[in-house]
Structures are given as structure tokens and as C-alpha cells.
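Summary of the model geometry
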Amino acid sequence: MSKKKSTGKNYDFLVLGAGGTGLAAAMYAARLGLRTLVLGHSHGTELPIGGIITTTHIVENYPGFTKISGPELAREIEKHALSYDLVSVKGGKALQIKKKKGIFIVKTEKTDYKTKTILFATGTRWRKLPDSVKNSSKFENMGLSYCALCDAPLYKGKTVAIIGGSDSAAKDALLLTEYAKKVYMIYRGSEIHPEPINLQRIEKNKKIEVINNTNLTKINGDEFVKGISLDRKYKSSNELNLDGVFVAIGHEPLSQISAQLGVKLNGKKEIKINHMTSETNIHGVYAAGDVTDKPFKQLITGVADGCTAAYYAYEYITKEKVMVT
Amino acid sequence: MVNVKIYSTETCIWCAKAREFLTSHKVKFTELDVGSDRKAAMEMIHKSGQMGVPVIDINGKIIVGYNEGALKKALKIR
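Going along each chain's sequence as written, the residues are numbered from 1 onward. Lettering for chains starts from A, numbering for ligands starts from 1, and both go in the order in which the items are written. The model is predicted, so local features are restricted to residues of pLDDT at least 70 and side-chain atom pairs to those at 80 or more, both for listing and for counting; the totals for chains, interfaces and linings are taken over all residues. Note that water and hydrogens are dropped before the side-chain values are worked out from all heavy atoms of the structure.

Observations regarding the overall build of chain A
When its secondary structure is counted, chain A shows 6 helices and 19 strands. The C-alpha radius of gyration computed for chain A amounts to 22 Å, which stays within 12% of the reference 20 Å derived for 325 residues, consistent with globular compactness. In terms of principal-axis extent, the alpha carbons of chain A reach across some 70 × 40 × 35 Å. Throughout, exposure labels follow a simple rule: accessible area from a 1.4 Å probe, protein chains only, divided by the maximum for the residue type, with under 20% read as buried, over 50% as exposed, and the rest as partly exposed. Within chain A, the fraction of its 325 residues that count as buried is 54%. Under the convention used here, Asp and Glu are negative, Lys and Arg are positive, and both His and the chain ends fall outside the count. For charged residues, the charge sits on one atom: NZ in Lys, CZ in Arg, CG in Asp, CD in Glu. In chain A, which carries 47 positive and 32 negative side-chain charges, the distance between the mean positions of the two groups comes to 5 Å. Helix and strand assignments follow DSSP, with helices taken as H or I runs no shorter than four residues and strands as E runs no shorter than two, numbered in order from the N terminus. A radius of gyration in this sense is built from C-alpha atoms; the matching globule rule multiplies 2.2 Å by the number of residues raised to 0.38.

So, the overall build of chain B
Looking only at helices and strands, chain B features 3 helices and 4 strands. When the helices and strands of chain B are placed in sequence order, the string is β-α-β-α-β-β-α. Its C-alpha atoms give chain B a radius of gyration of 11 Å, within 12% of the compact-globule value 12 Å for 78 residues. Sorting the 78 residues of chain B into buried and exposed places 47% on the buried side. Of the contacts formed within chain B by residues at least 6 apart in sequence, a portion of 57% connects residues at least 24 apart. Surface summary for chain B: the accessible area is close to 4,300 Å², and the carbon and sulfur share equals 52%. Taken together, the 13 basic and 8 acidic charged side chains of chain B have centroids lying 10 Å from each other. By the convention used here, residues are in contact when the closest approach between their heavy atoms is within 4.5 Å. Residue exposure ignores everything except the shown protein chains as possible cover, and the areas themselves are Shrake-Rupley values with a 1.4 Å probe.

Describing the interface of chain B and chain A
Where interface size is quoted, it is often the accessible area lost as the parts come together. Taken together, the contact pairs 19 residues of chain B with 20 residues of chain A. A simple way to read buried area is as the amount of 1.4 Å-probe accessible surface that goes missing from two parts once joined, with both sides added. When the two sides are added together, the surface that chain B and chain A hide from each other amounts to roughly 1,700 Å², 65% of it contributed by carbon and sulfur. Contact with chain A buries surface across chain B, with Thr11(B), Ile13(B) and Met51(B) losing the most and accounting together for 38% of the total. The salt bridge definition used is simple: a Lys or Arg side-chain nitrogen within 4 Å of an Asp or Glu carboxyl oxygen. In this assembly, chain B and chain A are joined by 0 salt bridges.

Digging into the pairing of strand 3 (residues 55-58) of chain B
Residues and elements named next belong to chain B. Alternating residues of strand 3 divide into Val-55 and Asp-57 and Ile-56 and Ile-58, and every residue in both groups is buried. Across 4 bridges, strand 1 (residues 4-8) lies against strand 3 in antiparallel orientation. Among the inter-strand pairings, Lys-5 is bridged to a residue of strand 3, identified as Asp-57. Pairing between strands is defined by DSSP: at least two bridges between them are needed. Here 4 bridges tie strand 3 to strand 4 (residues 61-64), and the two strands are oriented antiparallel to one another. Each residue of the ladder has a partner; that of Val-55, found in strand 4, is Val-64. Turn length for the strand 3-strand 4 hairpin, with the two strands adjacent in sequence and antiparallel, is 2 residues, and the turn residue Asn-59 shows positive phi of about 50°.

Topic: unusual backbone geometry
A cis amide bond links Val53(B) with the next residue in sequence, Pro54(B), at an omega value of -5°. Within the secondary structure layout, Pro54(B) lies in the loop between helix 2 (38-48) and strand 3. Positioned with a positive phi, Lys269(A) is a non-glycine residue whose angle comes to about 65°. Tracing the chain through its elements places Lys269(A) in the loop between strand 18 (251-253) and strand 19 (285-287).

Considerations on the sheet that holds strand 2 (residues 30-33) of chain B
All names here are of chain B. Strand order in the open sheet made by the 4 strands is 2-1-3-4, with mixed pairing throughout. Either end of the sheet is taken by a strand with one partner, and the two such strands are strand 2 and strand 4. Taken over all neighbouring pairs, the strand axes of this sheet differ in orientation by 20° on average, direction set aside. Whenever a helix is involved, its axis is fitted only over the stretch in contact; in every case the axis is a line through C-alpha atoms, and angles between N-to-C directions fall within 0 to 180 degrees. With respect to the sheet, helix 2 is in contact with strand 1, strand 2, strand 3 and strand 4, its orientation differing from that of strand 1 by roughly 110°.

What about the state of the cysteines?
Residue and element names in this part refer to chain A. Disulfides are defined as cysteine sulfur pairs within 2.5 Å. Per the stated rule, a full pass over the model turns up 2 disulfides over all chains. In this model Cys-147 forms its disulfide with Cys-150; the gap between the sulfur atoms is 2.3 Å. Between Cys-147 and Cys-150, the S-S torsion sits near 65°, and that sign places the bridge as right-handed. Residue Cys-147 shares its accessibility class with Cys-150, and that shared class is buried.

Looking at the packing of aromatic side chains
Residues and elements named next belong to chain A. Between the rings of Phe, Tyr and Trp (Trp by its six-membered ring), a pair exists once the centres lie within 6.5 Å; its type follows the angle of the planes, with under 30 degrees stacked, over 60 edge-to-face, and the other angles tilted. Tallied over the entire structure, the rule returns 5 aromatic pairs over all chains. For the ring pair Tyr-155 and Phe-246, a centre distance of 5.3 Å and an interplane angle of 80° mean the geometry is edge-to-face. Separated by 91 residues along the polypeptide, Tyr-155 in the loop between helix 3 (148-151) and strand 11 (159-163) and Phe-246 in strand 17 (residues 244-247) bring together distant segments of the chain. Phe-246 carries the same exposure label as Tyr-155, and that label is buried. Definition used: whenever NZ (Lys) or CZ (Arg) falls within 6 Å of the ring centre and also within 35 degrees of the ring normal, the charge is taken to sit over that ring. Against the face of Tyr-146 rests Lys-128, its NZ or CZ located 5.2 Å from the ring centre. A cation over a ring is seen here: Lys-182 above Tyr-184, with NZ or CZ 5.3 Å from the ring centre.

Description of the nonpolar core
Residues and elements named next belong to chain A. Among buried residues, the Ala, Val, Leu, Ile, Met, Phe, Trp, Tyr and Cys ones that are joined through side-chain atoms within 4.5 Å form a nonpolar core. Residues Ile-162, Met-185, Ile-186 and Ile-228 are the most contacted members of the largest nonpolar core, which totals 74 residues. Apart from the residues lying within four places of it in its own chain, the contact partners of Ile-162 are Ala-169, Asp-172, Ala-173, Leu-176, Val-183, Tyr-184, Met-185, Ile-186, Phe-246, Val-247 and Ala-248. One finds Tyr-286, Ala-310, Ala-313 and Tyr-316 within the second-largest nonpolar core, a separate group that totals 38 residues.

A closer look at empty space enclosed by the protein
All names here are of chain A. Grid points spaced at 1 Å and placed over the protein atoms alone form the basis of the search, with a cavity being a set where a 1.4 Å probe fits but cannot get out and a pocket an open set showing protein on both sides within 12 Å along at least five of seven lines. Lining residues have an atom within 4 Å of a point. Grid points are joined across faces, edges and corners, and a volume is the space filled by probe spheres set on the points. Within the structure shown, the criterion is met by 1 cavity of 30 Å³ or more. Lining of the largest cavity is provided by Gly-289, Asp-290, Thr-292, Lys-294, Phe-296, Lys-297, Gln-298, Thr-301, Gly-302 and Asp-305. Each residue receives one of three labels: charged for Asp, Glu, Lys and Arg, nonpolar for Ala, Val, Leu, Ile, Met, Phe, Trp, Tyr, Cys and Pro, and polar for the others, Gly being one of them. Here the lining of the largest cavity is built from residues that sort into 1 nonpolar, 5 polar and 4 charged.

Things to note about the side chain of Thr122(A)
Residue and element names in this part refer to chain A. Following the sequence through the fold, Thr-122 ends up in the loop between strand 8 (112-120) and strand 9 (124-126). Residue class for Thr-122 comes out buried when judged on its relative accessible area of 3%. Among the polar contacts listed, one links the side chain of Thr-122 to the backbone oxygen of Leu-254, at a separation of 2.8 Å. Here a polar contact means two N or O atoms within 3.5 Å. Within protein one must be a hydrogen donor candidate and the other an acceptor candidate, and residues neighboring in sequence count only if both atoms are side-chain atoms.

Take a look at the structure:
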């Protein structure tokens, strides 16, 4: 392993995805003496460095920070990773990955990088409303938003809905109540399922009204959103008048590029990993964070798996005596 | 003289990114918080025909969202 500063094109550990998971893995890899490159924007989300946590208003479940904003936490993790000379973070997008004579070659628009090991920390992107919801494309950014953190302040004193029943949807609903006068939380299942602490907050918040067992069928409006249609009656009507609709209906794993190496995916297109080592079915190739088949997806778990991957990448390089030429 | 305006909200990550980009390229700009300034919000919707932030107005050229390529082109940054 080289002890040189992390510049040039040859690396020990190359991380695809500059979210919290990827940056934490890079920090740990550097501690193990691995020359590490993190390629952000390689995952197709166009999210800035820091990944999906940057779209979370308040994070309260990351040790060391009782309460911190998502963007601020991401900046802290990035700063920590970059405090090691062996870590380099670049904005290139990986276009092609192949394995040649035991070495991985990652091709970006401008450069070909060589690396002994790879970590996919490519994360996920927000799932969009299906085409079966009429007018969902037409009203995107016209009152239909996928980023409550970005657009909530535009709905001061308005009535809005959040579609979804997860913890993310609950946190968006709570954020929206800081601006809107009324927030409907519409969920297809029988009961919303945020973390208990957020469920209690939802139940106590007088601005929030939860509508379970209900699907969105259509977004109504002229130039901008004016309301929605539901597949069952709520208070004797299938229509709800609204000024805005926010969507938090889950994520899609950004695992496509891993297929170029023959990495195995599950039915949800998540990367299958050994839950002890974070290794995929390909030797020297690891995955961590939201893109994997681990069921509990939090920054705290992604960070742990990223560090585990860095450790087993170190073991692999040491035992196999992999050389980049 | 380049006249640059950013229409933003206080919590928007992309707005912060746009601000960071302009500052790092020493481009002077005016920022309007459409969350608290209703008139600015209406102006943004009128100019861009949509409600997502950020919206960046560079001498009348409207860029919706954070798009580094479009910003570089509009500001003639190489």
C-alpha cells in the first residue's frame, strides 16, 4: 500500500458515491493506509456531496449530535474524511467499470482510474409517483414537489399533503407544519409507520391529519396544483382541495452500474452483500448503505457497513498482495 | 455588467450549492428568499413558470434548479 498523498490515478480503494456512507468508508480506509478516491455524482442522483442525508431537515439519530441538520452533518463527515491526506473526493461520474488482470478500471468522462478494490455506496433516489397517478408529470414543480426541505417555505399558510407513511414522510409532514396551516398525510396502508418518537409528534400535532388506506389517483389543477383525487371517500368526498403535494414514497437503489462487474442484485435491485463483510459476490468488490440488501437503512448503519467494507478491502489487498501497475 | 439574482428558500440545499458556486467564481448576486418574500415568490413563478427552487436569473436568462453547466455557460465561465 502506498503512503503517498492521494493524487494521481491509482488507488487502493475507490468509493462510488460521496454520501455519508462513502465518505465514512473513505475516512476509515485512510486510517488503514489505503489510498482512497471517492467519486461523487457517480450515482446519477445529482445530489451534492453528502448524499441523501442532505435532504433531511433535522437528524436526531446520529451519535455525537443530539440535533443537527442533514446538510451540516454531511459537511462534518466530508471534513472528517478530507482531514486524511490519503483521501481524495472528486465529482466525476463513473461511466464504465471493468476488471482486468485483477485490477478494476473505472472510466469517467475525463480520466481512467485504476483501483485494487471498489465500494459501491451509490445510495438511492426518491421514487417518483407512478404514471397511474394522472397528471403527476404535468404538475412536477407546479405544486408537486419531491423535496420538502427545498420547497416547504413556499407554502406558508397553505394547505398541503404529503404522500407516504414512512419515517421520512413523517419528518416531511412535521417540517411542513412549520410553514403550512394544514398538512394531510396520505398513506396507502392501514397505519403509517414512522419511528415511535416521530409517530408521537405526528399524533400531537394539530395541523396534521392522517388519512390511511387511501391512494392518490389524480392531481388536479390548472397551471398549478389545486387539489387531488383519492380512490376512496374521505369526509364524503373523493376530492381534496390543496395548494401543494409532497411525495415521500420510498427509494430506488442506484445499483445499475454495478451490473457491469456482474455484481448480484436481489429482486428489488439492491446489491446483495455478505452482511458480515459487506463484500458482494465479486472478490474485492463491496457495497454499503442504502443501495444494499440490508433491511434497516439509516446513515448510522450505512456508515458502519462502509467502515466494515474498508476493513475487509484492507484484508483482501494485504492477503492477496494485489498490485496496481 | 452581469445582473444575477437567486430565488431561494432558507432550507434548500441546491440554493446553497448555487450560492457556493457563484461565490467561488467571484460573481456578485442578489438573493431573494421566496419563503418569506411573497412578491419575490410571485416574480419567480412568473419568470420561470414553476414553483421549484432555486431559480437563477442571469441577465434575464432563467435557470431552474442547480445546473453547473448552464451556470457556466450563462456566465461565460470556462
